[in-house]
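# Descriptive structure summary
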Amino acid sequence: MTDGDPVDEVIEVIAQSATEIRRGLVGRREDADAENPSGETQAEADVYADELLADRISSIDGVRQYGSEERQETVDCGDDGLSVAVDPLDGSSNLKSNNTMGTVFGIYDEPLPAPGTALVASGWILYGPITTMACARDGTVRKYELAGDERSLVDDGITLPDDPLVYGFGGRVPDWSEAFEAFTREVESDDSLKLRYGGAMIGDVNQVLTYGGIFAYPALEDAPRGKLRLQFEGNPIAYLVEAAGGSSSDGTQSILEVEPDDLHDRVPVHVGNDELIDRLEDALE
Ligand code: AFP
């Protein structure tokens, strides 16, 4: 039930679509003959998930725009209301190896591209051994299990554990800045922390949400804005992790404060426990 609230309607439509997206992965693991606006080869499943979500989300009353990592331009479907930014299938390179993937969404109350401060809700679907949804709204993070058309609440107030346990850093070590590499060496030498990196941001960030710790896809020597997209990945996970009591940073400030220039802007992403993010920002100063 969504009682007509368009934010609830968007969340419900995405949850309802998860089963179909998951089922549609079978037979769509090959590369499509196309690239996304970030110049990355699309998997057939990327296109499938994007088309399915675009069709459903853009027809919700109260939604003005659908934006996707897989589309150059937004789908404009109304004069006012919500703007929904989606990474339809995050981690699609994990398709071939049958590893974790996700669907990421951010619901903004301003036209795209918008800063994270314009988010009113965000979350992700995680295609793991079971399909789950994490969703942040009004300062609360809830987790659901999805099975068929059923969405069962399993946690109605998730907060990051106080004692961090896991870390995961994207990109190649030779491409990291010296300051970031020095920070990672400090983390690696901390025997209370252990490496968890699966190559799909949602799987890795969900480990941080579950066990505490830090995930980063940092600025790289040849890519100073990193790899992850602000609208579709950085903002939604920063909003959720901050709602769960953690912190986010682009290296100097909360990711939510980053002013976008373009729909497909990239942003260095660091999210996790406050103390680790504070140490990271000190290290990058
Ligand atoms: P794909 O969707 O192309 O697999 O990229 C996934 C992703 O955007 C993000 O989910 C991961 O954290 C990051 O890229 C992994 O990047 P590397 O392959 O460079 O480690």
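Residues numbered from 1 in each chain as written. Predicted model: local features only at pLDDT ≥ 70, side-chain atom pairs only at ≥ 80, totals over all residues. Heavy atoms only, no water.

The helix and strand inventory of the protein chain stands at 6 helices and 15 strands. Relative to the compact-globule value of 19 Å for 285 residues, the protein chain shows a C-alpha radius of gyration of 18 Å, a close match. Taking the principal axes of the C-alpha coordinates as reference, the protein chain spans close to 50 × 40 × 35 Å. By residue count, 55% of the 285 residues in the protein chain fall in the buried class. When the accessible surface of the protein chain is split by element, carbon and sulfur atoms take 42% of a total near 12100 Å². Put simply, the protein chain has 21 plus and 59 minus side-chain charges, and the middle of one group is 7 Å from the middle of the other. (Helix = DSSP H or I, 4+ residues; strand = E, 2+ residues; numbered from the N terminus. Rg over C-alpha atoms; globule rule 2.2 N^0.38 Å. Buried < 20%, exposed > 50% of the residue type's maximum accessible area, 1.4 Å probe, protein only. Areas by Shrake-Rupley, 256 points an atom, 1.4 Å probe, with all protein chains shown as cover. Lys, Arg positive; Asp, Glu negative; His and termini not counted. Charge placed at Lys NZ, Arg CZ, Asp CG, Glu CD.)

A word on the site of the ligand. Inspection of the region around the ligand gives 14 residues, with Asp90, Ser93, Tyr197, Met201 and Tyr217 positioned closest. Tyr197 places a polar side-chain atom, nitrogen or oxygen, 2.7 Å from an oxygen atom of the ligand. In the model, an oxygen atom of the ligand is placed 2.9 Å from a nitrogen or oxygen of the Lys227 side chain. Among the residues making up the shell around the ligand, the classes are represented as 6 nonpolar, 4 polar and 4 charged. (Near = heavy atom within 4 Å. Polar contact = N/O pair within 3.5 Å; in protein donor to acceptor, adjacent residues only side chain to side chain. Nonpolar A, V, L, I, M, F, W, Y, C, P; charged D, E, K, R; others polar.)

Quick look at the sheet that holds strand β15 (residues 269–272) now. Pairing in this open sheet of 5 strands is mixed, and the strands run β12-β11-β13-β15-β14 from one edge to the other. Of all strands in the sheet, those with a lone pairing partner are β12 (194–195) and β14 (247–249), marking the two edges. Inspection of the sheet shows strand β13 (residues 213–217) paired to β15 by 4 bridges, in the antiparallel sense. Each residue of the ladder has a partner; that of Ile214, found in β15, is Gly272. Helix α4 (residues 201–211) contacts β11 (166–169), β13 and β15 of the sheet and is inclined by roughly 160° relative to β13. This element, helix α5 (residues 230–243), spans β14 and β15 of the sheet and lies at about 20° to β15. (Pairing = 2+ DSSP bridges. Contact = heavy atoms within 4.5 Å. Axes fitted to C-alpha atoms, helices over the stretch in contact; angles between N-to-C directions.)

The alternating pattern of β11 places Val166 and Gly168 and Tyr167 and Phe169 on opposite faces, both of which are buried. Sheet topology note: the β11/β12 ladder contains 2 bridges and is parallel. By the bridge assignment, Tyr167 is partnered in β12 with Leu195. Where β11 and β13 come together, 4 bridges link them in parallel fashion. What sits directly across from Val166, in β13, is Gly213.

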